[in-house]
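Observations on the three-dimensional arrangement
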Amino acid sequence: MSSRRSHLVLVLLILLALVGVGFLAVPGSPVHRSVKKGLDLQGGLEVVLKAQPPKGHKLTADDLSRSVSIMRNRVDRLGVASPEIRTQTPDEIVIELAGVHNPQQAAAVIGQTAQLELYDLEPALVSPSVTVTGTPVATTSLCQLLTRVQAAAKAGSPSEYVLFKQKQVTTTTGTGKNKKKHMTKVCVKAAGPTSQLHRDAATGNAGLLDPFGGKLPKGDKVLPVPHATTVITCANKTSAVCPGDPNGLPGPGKTDYYLFKHGPYPDDRYGPYPNMTGKELSLSGTRADFDSTGAAIVLMQFTHKGNKAFHNVTKNEAVRGSIQKVPQHFAIVLDNEIRSYPSIDYGQYPDGIDPTGGGAQITGMASSTEAKNLALVLQTGALPVKFVPLENTEVSATLGKDSLTQARNAAIGGLIVVMIFLLLLYRFLGLVAVLGLGIYAAFMYAAILLFGVTLTLPGFAGLILTIGVAADANVVVFERIKEESRSGKSMRAAIAAGYAKGFRTIVDANVVTAITALILFAVATAGVKGFALMLLIGTVVSLITAVAATRAMLGLLAGFRWFDNPSFMGAHHSQRGRFLQIDFMRRTLLWFAMSGAILVVSAASLSTRGLNLGIDFRGGVQMTFKTNAPTPISRVRAQAAAIGHAKDAVVQGRGKSSNGGEDFKSFQLRLKKLKPAEQTKLRSDLTSRLAARGVSVKNVSSSFGRQIARSAVIAIIFSLLVITLYITIRFRGLAFAIPVIAAMLHDVLITVGVYSVTGREVTEATVAAVLTVLGYSIYDTIIIFDRIRENVPIMRRASFATITNVSLWETIRRSLATTFITLLPVGALFFFGGATLQDFAFALLIGVTSGAYSSIFIAAPLLNFWKERRDPEYARRRGQGMPEGTRADRFLAQAEQAAAAEPTPETPLDVIEDSVASVTEGQEAKLERRRQRRKSRPHGRAR
């Protein structure tokens, strides 16, 4: 009764949780949330950044490559899933962001140079930014500041140039008859389309005029900055940050300007400047925090070299302060802006500050968000060159609404077929499994909303895998229930024993899958991280629903008389069908030969043809064009597919869509690199088919960069090592771990090889599919190995080949059922999901099929091969052979009878196994004595 009460409580809790999920999904509810979609599903913001290298520095491909890696790292830390980051032209980087609440702010953080500089402030200032007594003086007009230093600027080689807009103002002098009006030009603000302070790039004065066609705009003027100096700004948000003008602080939102020494400066005892840079910063020790008053700050930790430099600077400040009896200051400058202005108490620190263990801090943050963003850009390191934004454009999804509709319909159709299959196979238990899948889907939806997961195509791959995992957990338990029922137990006892014995199997398989997902999420980037997150969440949710939800429902129903009917529960069929009882181990060489032949063909194709890498890996060209009238993106995609060179192009709309739909007047196509003649032909085809105008072509790099590939490979290798360790400990031997890894590698090689043979294009979605194959292969193999481990103490005198065969007989129905369940939605996606999803589904079809094959025909024979040659006891029993015909039936019946010891739900699993082993020991001894008598008979006697 107490057990039934606990099941009732659990069901009520699940129902309450489902009500909560409903509130999350219903628009207008206080807790309503909507699913965030990635670029491939909803589009986003495209930001184009242009590199501005410092004077004398030639921009290199390595500069752009490092910049892309740093930007991608910042995007991942911001929580933006699956961004598109690539280079186009020799000096531009394109970033596409989705699921960002403030795209402009995110783009500013990503493109921030993060050039950290630290100055001993008073000696670093240049007149007129400092008085003769060493007091800082802020100037509120940059034009006024530079006008006062033009004599020094013209005396040497200017370090920077600033372009100013001007306006004419009228001034009056004299009085009465001597009164005169004068027309003069006054600077209004720094000019340029991209920044308030528009500095020179790499080509001197001419660099400022690039946006204006190389000509100085009428009425504007250029002022040089003196040699070995730089302009530092200070946005006066609080008086604690900026020193301000001693004649009166400007109001909030205004900007102060200072002239700092930069580089070696003549006759300067405290230089060169800056005194420290971000190179002396410990990136791992820098973080956002709060001070004792609760104000947001950024804590900075220095390297060993940085600690010494900081101590020397503060020591000089303390000495000067004690002599002048005036506090000296330390300026923390980020991207030419003063972010903090701490003073040094020379009385408290007469020998300076040793920052070891304590570091320094940046104060004056407007909010904790600003502190987190600043810490983020410092943690990821400085960009090698400065970037300025050129344009921000909205872009449509890479998968249009037509493709999404096809994918949704295919997935729903596949799930419906899965449910029908479960009902036919398990009858009432199948109905419970369907309800469990419904609960899983609701909880998964809630988890996506609560965790703010950005759903992308790779995430969709993880979702498909978790659906198979969720269904498989029920299949594992239900197959155990049917076994227990066939052995003569009541349905109530069979359910208790089935869950008790299946629980450990489910946990092992889910733990290994979760390990893979955790490591991929921690180490990988971009779409790989999205896949790992969905797989991790789905694994946890499926474990809860399979073990808790379905168990509670069956526990409540177990007291009814109609429930105790094996036929009604789908548990009346015998496991002993001749079709499934082949001697798998005797045909080991055949299985290995079949796999070997496929692997040889795959290796030959990979070595000769290679892979058909898409634009995600190899880069290509981007063509932009406009149409005279708003055109549906589906039509552009269809027309592009009809053009030979644009068959696999990624098509996106640009700018605002017409009527909020998918009709655009501006489009972009990203496709593989084309020869000049092919580009000309494509221009002509676009013009004739779509009335395209203004067609432009730019070279773009791959969006799936080396960093992503390298991090994914590292994550996979590390996960393999951890999985090997876990299986070795859990199964008490390396013999179980090696076949698991071998089966995974087998499946990946075959999947990649089939892609090479068929010539299908490899995209980022293909990588997600291959990762899905890894997860599926691990899960399926662990299920089989767990049954082998369970049968080892039961079948104590059998050869390992016999144990493996019997274990495969007992689990093959589950393996085939799970494979079929997983392939149903994937197959629907392949046949009805549209052209944009077929390559993705194709990899899943190949990988899942290969995973099921390798678990049965590769992993299990490898384990048997290892044990028979490495374990002396099984080596002695090797060659005893597998009973045939009725003997096989009898052997399986004895294994089932041995497992029929009636356990209660409270009985520990180890006690169950011991009792089962004791029951079967006498029967195995009888079989052994019979074999020995047969061997002792004279040759030629009928047997």
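These numbers were taken from a predicted model, which means no experiment stands behind them.

Regarding its fold elements, the protein chain presents 27 helices and 25 strands. Here the protein chain, with 943 residues, has 54% of them falling under the buried criterion. The contacts of the protein chain with a sequence gap of at least 6 include a subset with a gap of at least 24, amounting to 78%.

All right, on to helix α12 (residues 428–450) then. Here α12 contains 23 residues, and its C-alpha end-to-end distance of 33 Å stays within 8% of the 33 Å for a straight helix at 1.5 Å per residue. Of all 23 residues that make up α12, 17 are buried, and the element is covered over most of its length. Where α12 terminates, the next one or two residues include G452, which has phi positive at roughly 65°.

Right, let's talk about the packing of helix α16 (residues 588–608) against helix α21 (residues 734–758) for a bit. Relative to each other, α16 and α21 sit at 50°, their axes nearing to 8 Å. Compared by their axis directions, α16 and α21 come out oblique. The hand of the α16/α21 crossing is left-handed. Taking contact as the criterion, the partners of S595, I598, L599, V601, S602, S605 and L606 in α16 are, on α21, H746, L749, I750, V752, G753, V754, S756 and V757. By residue class, the composition of the contact of α16 with α21 is nine nonpolar, six polar and no charged.

Moving on, we come to unusual backbone geometry. The omega angle of the peptide bond from S127 to P128 is 15°, so this bond is cis rather than trans. Tracing the sequence through the fold places P128 in the loop between α5 (121–124) and α6 (142–147). The residue after Y273, namely P274, is reached through a cis peptide bond having omega 0°. Its place among the elements puts P274 in the loop between β10 (255–261) and β11 (276–277). Of note in this structure, K325 is not a glycine but carries a positive phi near 55°. Inspection of the secondary structure assignment puts K325 in the loop between α9 (304–324) and β14 (328–334).

Right, let's talk about the pattern of salt bridges for a bit. In the structure shown here, the tally under the stated rule is 11 salt bridges. A salt bridge links D685 to K681, with the nearest nitrogen and oxygen atoms 2.9 Å apart. In this pair, D685 and K681 both sit in helix α19 (residues 676–690), four residues apart, roughly one turn of the helix. Given the relative accessible area of 13%, D685 is considered buried. In this structure, the salt-bridge partner of R876 is E873, at a minimum N-O distance of 2.7 Å. Placement of the pair is R876 and E873 together in helix α25 (residues 872–877), with a separation of three residues, close to one helical turn. Judged by its relative accessible area of 58%, R876 falls in the exposed class. Since its relative accessible area comes to 32%, E873 is described here as partly exposed.

All right, on to the packing of aromatic side chains then. Scanning all chains against the criterion turns up 14 aromatic pairs. An aromatic cluster of at least three residues, connected via ring pairs, comprises F584, W591, Y853 and F857. Its guanidinium or amino end placed over the ring of Y270, R320 lies 4.8 Å from that ring's centre, counting from NZ or CZ. The ring of W866 has R870 lying over it, and the distance from NZ or CZ to the ring centre is 4.8 Å.

As a further point, take the nonpolar core. Proteins that are soluble and globular tend to have nonpolar side chains buried together. Within the largest apolar cluster, 101 residues are counted, with the highest numbers of intra-cluster contacts made by L422, F478, I481, L554, F584, I727 and F785. Per-element tally for this core: the top contributor is α12, with 15 residues. Once residues lying within four places of it in the same chain are set aside, the contact partners of F785 are F731, F736, P739, V740, A859, A860 and L863. By size, the runner-up hydrophobic cluster in this structure holds 24 residues, among which are L118, F310, I362 and L376.

A cluster of nonpolar side chains, contributed by I412, I416, I420 and L424, occupies part of the molecular surface with about 410 Å² of accessible area. Checked against the element boundaries, L424 lands in helix α11 (residues 401–426). You can call L424 exposed: its relative accessible area is 68%.

A separate point is the side chain of S602. Counting through the fold element by element, S602 comes out in helix α16. The exposure class assigned to S602 is buried, which follows from its relative accessible area of 4%. When residues no more than four places from it in sequence are discounted, the contact partners of S602 are L749, I750, G753 and V754.

This next bit is on the environment of E280. For E280, the position within the fold is in the loop between β11 and β12 (281–290). Along the sequence, E280 and L116 sit 164 residues apart, while their C-alpha atoms lie 9.6 Å from each other. Filtering out sequence-adjacent residues up to four positions away, E280 remains in contact with F302, T303, K305 and G306. In this structure the side chain of E280 is engaged in a polar contact, spanning 2.9 Å, whose partner is the backbone nitrogen of T277.

Right, let's talk about α19 for a bit. In an α-helix, one turn spans 3.6 residues; hence positions three or four apart end up facing the same way. A rise of 1.5 Å per residue sets the reference length of α19, with its 15 residues, at 21 Å; its end C-alpha atoms lie 21 Å apart and thus fit the reference within 8%. By the burial criterion, the buried members of α19 are Q679, L682, D685, L686 and L690. Taken around the axis of α19, the buried residues stretch over an arc of 125°, which confines them to a single face. Exposed residues lying more than 90 degrees from the buried face of α19 are P676, A677, T680 and S688. A691 occupies a position one or two residues after α19 and carries a positive phi of about 55°.

Before going further, it helps to spend a moment on the sheet that holds β12. The three strands are arranged β12-β13-β17 in an open sheet whose pairing can be described as antiparallel. The strands lining the two open edges of the sheet, one partner per strand, are β12 and β17 (360–362). Neighbour-to-neighbour, the strand axes of the sheet open up by a mean angle of 30°, direction not taken into account. Sheet topology places strand β13 (residues 296–302) next to β17; three bridges connect them, and they run antiparallel. Each bridged residue has a counterpart across the sheet, and for L299 the counterpart in β17 is Q361. Strand contacts of helix α10 (residues 368–379): β12, β13 and β17, with the helix running at about 175° to β12, the strand carrying the most contacts.

This next bit is on the confidence of the model for the protein chain. Chain-level statistics for the protein chain give a pLDDT mean of 74 and a share of 76% at 70 or above. Predicted confidence in the protein chain is weakest over helix α27 (residues 909–936), with a mean pLDDT of 45, and strongest over α16, with 90. Contacts from residues 200–206, a stretch scored under 50 in pLDDT, to residues over four places away or in other chains number 17 contacts. A low-confidence stretch, residues 246–251 (pLDDT under 50), is modelled with 10 contacts involving residues beyond four sequence positions or located in other chains.

Reading the values: the criteria
- Residues numbered from 1 in each chain as written.
- Predicted model: local features only at pLDDT ≥ 70, side-chain atom pairs only at ≥ 80, totals over all residues.
- Heavy atoms only, no water.
- Helix = DSSP H or I, 4+ residues; strand = E, 2+ residues; numbered from the N terminus.
- Buried < 20%, exposed > 50% of the residue type's maximum accessible area, 1.4 Å probe, protein only.
- Contact = heavy atoms within 4.5 Å.
- Expected span 1.5 Å × (residues − 1).
- Axes fitted to C-alpha atoms, helices over the stretch in contact; angles between N-to-C directions.
- Parallel < 35°, antiparallel > 145°, perpendicular 65-115°, else oblique.
- Left-handed = near helix turned anticlockwise from the far one by under 90°.
- Nonpolar A, V, L, I, M, F, W, Y, C, P; charged D, E, K, R; others polar.
- Salt bridge = Lys/Arg side-chain N within 4 Å of Asp/Glu carboxyl O.
- Phe/Tyr/Trp six-rings, centres within 6.5 Å; stacked < 30°, edge-to-face > 60°.
- Lys NZ or Arg CZ within 6 Å of the ring centre and 35° of its normal.
- Core = buried A, V, L, I, M, F, W, Y, C linked by side-chain atoms within 4.5 Å.
- Patch = residues over 30% accessible without salt bridge, like charges linked within 9 Å, V, L, I, M, F, W, Y side chains within 5 Å.
- Areas by Shrake-Rupley, 256 points an atom, 1.4 Å probe, with all protein chains shown as cover.
- Polar contact = N/O pair within 3.5 Å; in protein donor to acceptor, adjacent residues only side chain to side chain.
- Arc of directions from axis to C-beta.
- Pairing = 2+ DSSP bridges.
- pLDDT = per-residue confidence, 0-100.

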